[in-house]
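Residue-level structural notes
Listed here are the chains, written in short residue letters.
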Amino acid sequence: MGHDKKVKFVAERLDSGNLGPGWSAQIDEEGVVTVSGPCPVCHGDAYGPVLPNLQAASLTESLLVVGRPPSEPDEVRRIRAECCCGAKHSGDEDGGSGCGRWWYVNVRL
Ligand SMILES: [Zn+2]
Ligand SMILES: [Zn+2]
């Protein structure tokens, strides 16, 4: 599915149950978990975690916020992900980097 640039910008939380195929979670050696996949609304790139005002250069820093070593098995982490498609969707007065949707992804480690 291609990126739908006609989707109107709305800053809202989505039900995580809407996540379609193409979503995956990664964990690095330090136990930092990240998730990525297509935005459920505009189908552009989305990922998490994302800090407000995230700059590309500070990506590593933001990931450390959730970084702690995996401890107990079956630990579930809730990660906030948001649309980061990079397009300016209509209605986005701040010129953000996506269609405004965000949601939580539960990752079982
Ligand atoms: Zn989107
Ligand atoms: Zn988009």
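Keep in mind that this is a model prediction, so the values were computed, not measured.

**Observations regarding the coordination of the zinc ion (ligand 1)**
- For the zinc ion (ligand 1), the protein coordination sphere consists of Cys-39 (SG), Cys-42 (SG), Cys-83 (SG) and Cys-99 (SG), at 2.3 to 2.4 Å.
- Classification of the site at the zinc ion (ligand 1) as tetrahedral follows from its four donor atoms and the range of 104 to 119° in their angles at the metal.
- Separating the zinc ion (ligand 1) from the zinc ion (ligand 2) is a distance of 3.9 Å, and Cys-42 supplies a donor atom to each of them.
- Residue Cys-42 is classed as buried on the basis of its relative accessible area of 0%.

**Thoughts on the side chain of Arg-101**
- Mapping Arg-101 onto the fold places it in strand S6 (residues 101-108).
- Residue Arg-101 is classed as buried on the basis of its relative accessible area of 9%.
- At 3.3 Å, the side chain of Arg-101 and the side chain of Glu-12 are in polar contact.
- With residues up to four places along the chain from it excluded, the contact list for Arg-101 reads Val-7, Lys-8, Phe-9, Val-10, Glu-12, Leu-14, Val-41, Glu-82 and Cys-83.

**Re the environment of Cys-39**
- Topologically, Cys-39 is positioned in the loop between strand S3 (33-38) and strand S4 (45-48).
- The sequence separation of Cys-39 and His-3 amounts to 36 residues, and the corresponding C-alpha distance is 8.9 Å.
- Setting aside its immediate chain neighbours within four residues, Cys-39 contacts Gly-44, Ala-46, Cys-83, Cys-99 and Trp-103.

**Examining the sheet that holds strand S2 (residues 24-27)**
- The six strands lie next to each other as S1-S6-S5-S4-S3-S2, forming an open sheet whose pairing is mixed. Whereas interior strands pair on both sides, the edge strands pair on one side only; in this sheet they are strand S1 (12-13) and S2.
- As paired strands, strand S5 (residues 76-83) and S6 are joined by seven bridges and run antiparallel to one another. Residue pairing for S6: Arg-77 is matched across the bridge by Val-107.

**Re the confidence of the model for the protein**
- Taken residue by residue, the protein gives an average pLDDT of 76. The fraction at 70 or more is 72%.
- Mean pLDDT values for the elements of the protein range from 39 in helix H1 (residues 59-63) up to 92 in S4.
- Scored below 50 in pLDDT, residues 52-68 makes 21 contacts in the model with residues more than four places away or belonging to other chains.

**Overview of the packing of aromatic side chains**
- On inspection of all chains with the given rule, the structure shows two aromatic pairs.
- Between Trp-102 and Tyr-104, the ring centres sit 5.5 Å apart and the planes meet at 90°, which makes this aromatic pair edge-to-face.
- Positioned over the ring face of Tyr-104 is Arg-78, at 3.7 Å from the centre of the ring.
- Against the face of Trp-102 rests Arg-80, its NZ or CZ located 3.9 Å from the ring centre.

Calculation rules
- Residues numbered from 1 in each chain as written.
- Chains lettered and ligands numbered in written order.
- Predicted model: local features only at pLDDT ≥ 70, side-chain atom pairs only at ≥ 80, totals over all residues.
- Heavy atoms only, no water.
- Donors = N, O, S within 2.8 Å, 3.2 Å for Na, K, Ca; no water.
- Tetrahedral: all angles 85-135°; square planar, octahedral: opposite > 155°, others 65-115°.
- Buried < 20%, exposed > 50% of the residue type's maximum accessible area, 1.4 Å probe, protein only.
- Helix = DSSP H or I, 4+ residues; strand = E, 2+ residues; numbered from the N terminus.
- Polar contact = N/O pair within 3.5 Å; in protein donor to acceptor, adjacent residues only side chain to side chain.
- Contact = heavy atoms within 4.5 Å.
- Pairing = 2+ DSSP bridges.
- pLDDT = per-residue confidence, 0-100.
- Phe/Tyr/Trp six-rings, centres within 6.5 Å; stacked < 30°, edge-to-face > 60°.
- Lys NZ or Arg CZ within 6 Å of the ring centre and 35° of its normal.

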